[in-house]
Amino acid sequence: RKEVEQDPGPFNVPEGATVAFNCTYSNSASQSFFWYRQDCRKEPKLLMSVYSSGNEDGRFTAQLNRASQYISLLIRDSKLSDSATYLCVPCGYSSASKIIFGSGTRLSIRP
Amino acid sequence: TAGITQAPTSQILAAGRSMTLRCTQDMRHNAMYWYRQDLGLGLRLIHYSNTAGTTGKGEVPDGYSVSRANTDDFPLTLASAVPSQTSVYFCASSEGGDTDTQYFGPGTRLTVL
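Because the structure is predicted, anything quoted here is derived from the model rather than measured. (Residues numbered from 1 in each chain as written. Chains lettered and ligands numbered in written order. Predicted model: local features only at pLDDT ≥ 70, side-chain atom pairs only at ≥ 80, totals over all residues. Heavy atoms only, no water.)

*Asks:* Teacher, can you tell me more about the overall build of chain A here?
*Replies:* Within chain A, the secondary structure is distributed over zero helices and ten strands. At 13 Å, chain A has a C-alpha radius of gyration in line with the 13 Å of a compact globule built from 111 residues. The principal-axis extent of the C-alpha atoms belonging to chain A is close to 45 × 30 × 25 Å. Counting all 111 residues of chain A, 48% fall into the buried class. A sequence separation of at least 24 residues applies to 57% of the contacts in chain A between residues at least 6 apart. As presented, chain A carries roughly 5300 Å² of accessible surface, and 45% of it is formed by carbon and sulfur atoms. Averaging the locations of the 13 positively and 10 negatively charged side chains of chain A gives two centres separated by 3 Å. (Helix = DSSP H or I, 4+ residues; strand = E, 2+ residues; numbered from the N terminus. Rg over C-alpha atoms; globule rule 2.2 N^0.38 Å. Buried < 20%, exposed > 50% of the residue type's maximum accessible area, 1.4 Å probe, protein only. Contact = heavy atoms within 4.5 Å. Areas by Shrake-Rupley, 256 points an atom, 1.4 Å probe, with all protein chains shown as cover. Lys, Arg positive; Asp, Glu negative; His and termini not counted. Charge placed at Lys NZ, Arg CZ, Asp CG, Glu CD.)

See the structure below:
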């Protein structure tokens, strides 16, 4: 099993829809988790951090399931500007050498 | 503030040549990182530095070297470039360790022919 797995997509959904995708991780020692957003040919930027069971920020909700070792990202009322690739990364091993990014889920919002 | 900058923006390099990718941050972050991003493989950590004067190997360190003489700068050197090093290189920094948010530079697109 890969250390971090994401469905590469693309998820193609209409504007206004709700979309969710998961990220599974293999290292049970992961303590914190991040979702980054990356636009085409741009650098990743932090979207949300998750330190406990979940986090909500406006239309975005991240949930953590430690028992099943996955984190999910839910986007409600999707906008055209949400089109991007979403990367997840589990962290907290006390060693930067163990940072493993997921390869990303591509989301495309259509009018 | 500028945040984190990288230079050059892009470069075409002949195989066998050496090159240094520059990265500078003005946020006084302790930790800095170099990643490469290839289609379908996501971001892979090359080297990192937890604080000035220390460096460590990431997932794919072979063919690359780094130095961290001060807090702000973290150059990445390819001593003898090979075509498989064609990639987009991102530098990042974080205030503390790997549990902190990373801030990424705009990237350097490198093509090795």
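*Asks:* Help me out: how do you make sense of the sheet that holds strand β5 (residues 44-50) of chain A in this one?
*Replies:* By way of backbone hydrogen bonds, the strands of a sheet pair with one another, either parallel or antiparallel. Residue and element names in this part refer to chain A. Strands sit in the order β2-β10-β9-β4-β5 across an open sheet of five strands; the sheet is mixed. Each edge of the open sheet is held by one strand with a lone partner, namely β2 (11-14) and β5. Neighbour to neighbour, the strand axes of the sheet diverge by 25° on average, direction disregarded. Bridge count for strand β9 (residues 84-91) against strand β10 (residues 105-110) is three bridges, and the pairing is antiparallel. From the neighbouring strand, Tyr 86 faces β10, where its bridge partner is Thr 105. (Pairing = 2+ DSSP bridges. Axes fitted to C-alpha atoms, helices over the stretch in contact; angles between N-to-C directions.)

*Asks:* Help me understand the nonpolar core, please; the structure alone is not making it clear to me.
*Replies:* Across soluble globular proteins, nonpolar side chains have a tendency to be buried as a group. Core analysis: the biggest nonpolar cluster contains 24 residues, and Phe 21, Trp 35, Leu 73, Ile 75, Tyr 86 and Leu 107 of chain A have the highest contact counts within it. Looking at this core, the elements that each hand over two or more residues are β3 (19-25), β4 (32-38), β5, β7 (60-65), β8 (70-75), β9 and β10 of chain A. Looking at this core, the element that brings in the most residues is β3 of chain A, giving four residues. Setting aside chain neighbours within four positions, we find Tyr 86 of chain A in contact with Gln 6, Phe 21, Trp 35, Tyr 36, Arg 37, Leu 47, Phe 60, Leu 73, Ile 75, Gly 104, Thr 105 and Leu 107 of chain A. Counting 18 residues, the second largest nonpolar core, distinct from the first, contains Met 19, Cys 91, Leu 110 and Val 112 of chain B. (Core = buried A, V, L, I, M, F, W, Y, C linked by side-chain atoms within 4.5 Å.)

*Asks:* How should I be thinking about the sheet that holds strand β1 (residues 4-6) of chain A in this particular structure?
*Replies:* Residue and element names in this part refer to chain A. Taken in spatial order, the five strands line up as β1-β3-β8-β7-β6 in an open sheet, and their pairing is antiparallel. The outermost strands of the open sheet, each flanked by one partner alone, are β1 and β6 (54-57). The sheet shows a mean angle of 15° between the axes of neighbouring strands, direction not considered. In the sheet, β7 pairs with β8 via six bridges, with the strands oriented antiparallel. Considered in β8, the bridge of Ala 62 is made with Leu 73.

*Asks:* So what exactly am I meant to see when it comes to the interface of chain A and chain B here?
*Replies:* Often, the extent of an interface is quoted as the loss of accessible area upon association of its parts. With 23 residues of chain A at the interface, the matching set in chain B holds 22 residues. Carbon and sulfur atoms supply 57% of the area buried between chain A and chain B, which totals about 1700 Å² over both sides. Across the contact surface, chain A and chain B share zero salt bridges. Elements with a contribution of two residues or more to the side of chain A that touches chain B: β4, β5 and β9 of chain A. Looking at which element gives the most residues to the side of chain A that touches chain B, the answer is β4 of chain A, with four residues. (Buried area = accessible area lost by both parts, 1.4 Å probe. Salt bridge = Lys/Arg side-chain N within 4 Å of Asp/Glu carboxyl O.)

*Asks:* Please clarify how the state of the cysteines should be interpreted in this entry.
*Replies:* What is meant by a disulfide is a covalent connection between two cysteines, made through their sulfur atoms. Evaluation of the coordinates by the stated rule reveals two disulfides over all chains. Paired through a disulfide, Cys 23 of chain A and Cys 88 of chain A show a sulfur-sulfur distance of 1.7 Å. Looking down the S-S bond of the Cys 23 of chain A and Cys 88 of chain A bridge, the torsion is 45°, so its handedness is right-handed. Here Cys 23 of chain A is found in strand β3, whereas its partner Cys 88 of chain A is found in strand β9, with 65 residues between them in sequence. The disulfide bridge from Cys 23 of chain B ends at Cys 91 of chain B, spanning 1.9 Å between sulfur atoms. Note on the Cys 23 of chain B and Cys 91 of chain B pair: the S-S dihedral is about -75°, so by sign convention the disulfide is left-handed. With a gap of 68 residues between them, Cys 23 of chain B in strand β3 (residues 19-25) and Cys 91 of chain B in strand β9 (residues 87-94) connect regions that are remote in the sequence. Judged by relative accessible area, Cys 23 of chain B falls into the buried class, the value being 2%. Just so you know, Cys 40 of chain A is unpaired, no disulfide at all, and the nearest cysteine sulfur is the one on Cys 88 of chain A, 20 Å from it. With no disulfide of its own, Cys 91 of chain A lies closest to Cys 88 of chain A among cysteine sulfurs, the gap being 9.8 Å. (Disulfide = S-S within 2.5 Å.)

*Asks:* Just checking my understanding: could you explain the pairing of β9 of chain B for this structure?
*Replies:* Residues in a regular strand project their side chains so that they alternate between the two faces of the sheet. Residues and elements named next belong to chain B. Extensive coverage of β9 is indicated by the burial of eight of its eight residues. Residues of β9 alternate between two faces, with Ser 87, Tyr 89, Cys 91 and Ser 93 on one and Val 88, Phe 90, Ala 92 and Ser 94 on the opposite face, all of them buried. Where strand β4 (residues 31-38) meets β9, seven bridges bridge the pair, whose relative direction is antiparallel. Looking at the pairing, Arg 36 lines up with Tyr 89 of β9.

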